[in-house]
Amino acid sequence: MVRFFITGGNPLRGTVRASGSKNATLPILAACLLQGAPNVIQQVPALKDVTTMCDVLEYLGARVNREGDSIRVDATHIQSLEVGEDLMRRMRASNLVLGPLLGRFRRVRISHPGGCNIGSRPMNLHLKGLKALGARIEEKFGYITVEAGKLEGAEIHLDVPSVGATENIMMAAVLARGTTIIRNAAKEPEIVDLQNFLNRMGARIKGAGTDVIRIEGVKHLNSVEHAVIPDRIEAGTYLVAAAITGGDVTVTNVIPEHLEPVLAKLKEMGFLVETGDEHVRVAAQDRRPRAVDIKTLPHPGFPTDMQPQMMALACLAEGTSVITETVFENRFKHVSELRRMGADIKVEGQIAIIKGVERLTGAPVMATDLRAGAALVLAALAAENGTVVEGVEHIDRGYEKMEQKYTALGARIMRIST
Ligand code: EPZ
């Protein structure tokens, strides 16, 4: 059991460097399965989810070597085309092997990932897209089997701009015959990074970052080196830490455009926001933050992965904020824990109404998922007295060395493992 013990009240000050992006790294590691030659991925964060993806690749037969923040993946000798229940339950994103294995071997079988704490998270759009490319799908005994004699380019319209479905279809279409067009595609920066990685390998993809992606099938791919983009959600979390503690923090190694929807809301709340080529600074002004309304949406809308963190901040705002979660149906698990710290929050379906309070007070709280955990740590950094945050194993899935980074900014935070 891993816990954080946090004594709040210190305004955080200084500079912190963002790590590489978890949600860009996971599909790029999976994409290495597309060809039988070594690739080197750089700026890879040291996270539990990255380790799990490496375990999946090794389980399939790839050779994976990690050196510092670089990972060398050699998928020349793949032995298995199946990912079992254990690995799939450890991390849903293991389902990102579907597209590359189908693309290269025309067959793949995975245990059904099921839902998770934030929502039911079906895979119907992934499977609909692969079916359009000519695959046969069988869902039986808790497994999904996808097979194809050949893959032919197709026009695919996604009902929802799903990140995972866009990534799986892109990877399967790279080695298909002819042209694939994905309409209403996800536009997240991680999709653009995956396109850039695949094109570096010799794929022919255009349009990532827009809602129409076009993939011309190719026969061969080459070995490459690729550095993943910085993690915009990790960076956004540290900027909110400056805001909620009344501090002044600069995050370096960021792409400010990727954070635009978050920065716009921090400005609306009255914080000083400054951006440079590769850094963003957020500083509190000598007044309480203003209340704000937020609606989560696919990119470039407000990211759902920053919703819990912004809710923690809104708890201390002057006035009433309204937060609407439109991407996941069950992403308010942090509300009851924030209430234990003195927050005043009402939830009606997908809408949370947050009445700002003067202060939060320390309490024992439980992280139920990655971003909910990050939000509870933020609330604890601002709260009076001490807070014990349980469930830190969730936080370790997506934040590299969180307590070291916060300590360097002046926080009083300790990791306790029992
Ligand atoms: C990715 O998940 C991210 N994970 C999530 O980050 C992020 O919250 C999410 O995109 C949205 O931005 C990774 O990149 C590894 P989706 P993904 O498919 O791909 C519905 C974090 O905290 N849907 O875009 O699973 C789905 O139920 C994590 O780092 C279908 O209905 O998200 C959801 O409501 C959490 N059918 C919506 O679309 C499908 O086949 C968006 O899901 C697929 C999705």
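### Comments concerning the pattern of salt bridges
Then comes step 1: Under the counting rule described, the total for this entry stands at 25 salt bridges.
Then comes step 2: Measuring nitrogen to oxygen at the nearest pair gives 3.8 Å for the salt bridge that ties Arg340 to Glu337. Taken together, the positions of Arg340 and Glu337, both in helix 11 (residues 334-340) and three residues apart, correspond to about one turn of that helix.
Then comes step 3: By relative accessible area, Arg340 is classed as partly exposed at 47%.
Then comes step 4: A salt bridge links Arg359 to Glu384; its shortest N-O distance comes to 2.9 Å. Of this pair, Arg359 sits in the loop between strand 21 (351-355) and strand 22 (364-366) while Glu384 sits in the loop between helix 12 (370-382) and strand 23 (386-390), and the two are 25 residues apart along the sequence.
Then comes step 5: Residues participating in the shared-partner salt-bridge network are Lys22, Asp49 and Arg397.

### Quick notes on the site of the ligand
Then comes step 1: Lining the immediate environment of the ligand, one finds 21 residues, of which Asn124, Ser162, Val163, Asp305 and Val327 sit closest.
Then comes step 2: When the ligand is considered free in solution it has 830 Å² of accessible area, and contact with the protein chains removes 85% of it.
Then comes step 3: Among the elements of the structure, helix 1 (22-31), helix 5 (124-132), helix 6 (163-173) and helix 12 are those that each provide at least two residues to the shell around the ligand.
Then comes step 4: Residue contributions to the shell around the ligand peak at three residues, all from helix 5.

### Describing the packing of aromatic side chains
Then comes step 1: All chains considered together, the criterion is met by one aromatic pair.
Then comes step 2: For the pair Tyr238 and Tyr406, a centre-to-centre distance of 5.0 Å together with 55 degrees between the ring planes defines the contact as tilted. Of this pair, Tyr238 sits in helix 8 (residues 232-244) while Tyr406 sits in helix 14 (residues 402-408), placing them 168 residues apart in sequence. The same class applies to Tyr238 and to Tyr406, which are both buried.

### Concerning the pairing of strand 9 (residues 143-147)
On any regular strand, side chains alternate: one points to one face of the sheet, the next to the other face.
Then comes step 1: Where burial is concerned, most of strand 9 is hidden: four out of the five residues are buried.
Then comes step 2: Of the strand pairs in this sheet, strand 7 (residues 107-111) and strand 9 are connected by five bridges, and their pairing is antiparallel. Paired with Ile110 across the bridge in strand 9 is Ile144.
Then comes step 3: Here strand 8 (residues 136-140) pairs with strand 9 via five bridges, running antiparallel. The partner of Glu138 across the bridge, within strand 9, is Thr145.
Then comes step 4: Remark: two residues form the turn of the hairpin made by strand 8 and strand 9, two consecutive strands paired antiparallel; Phe141 in that turn has positive phi of roughly 55 degrees.

### A closer look at the sheet that holds strand 24 (residues 412-417)
Then comes step 1: Spatially, four strands are ordered 22-23-1-24 in an open sheet, and the strand pairing comes out mixed. On the outer flanks of this sheet lie strand 22 and strand 24, each paired with one strand and no other. In this sheet, adjacent strand axes meet at a mean angle of 20 degrees when their direction is disregarded.
Then comes step 2: The sheet contact formed by strand 1 (residues 2-7) and strand 23 spans five bridges and is antiparallel. Paired with Ile6 across the bridge in strand 23 is Thr387.

Reading the values: rules and limits
- Residues numbered from 1 in each chain as written.
- Predicted model: local features only at pLDDT ≥ 70, side-chain atom pairs only at ≥ 80, totals over all residues.
- Heavy atoms only, no water.
- Salt bridge = Lys/Arg side-chain N within 4 Å of Asp/Glu carboxyl O.
- Helix = DSSP H or I, 4+ residues; strand = E, 2+ residues; numbered from the N terminus.
- Buried < 20%, exposed > 50% of the residue type's maximum accessible area, 1.4 Å probe, protein only.
- Near = heavy atom within 4 Å.
- Areas by Shrake-Rupley, 256 points an atom, 1.4 Å probe, with all protein chains shown as cover.
- Phe/Tyr/Trp six-rings, centres within 6.5 Å; stacked < 30°, edge-to-face > 60°.
- Pairing = 2+ DSSP bridges.
- Axes fitted to C-alpha atoms, helices over the stretch in contact; angles between N-to-C directions.

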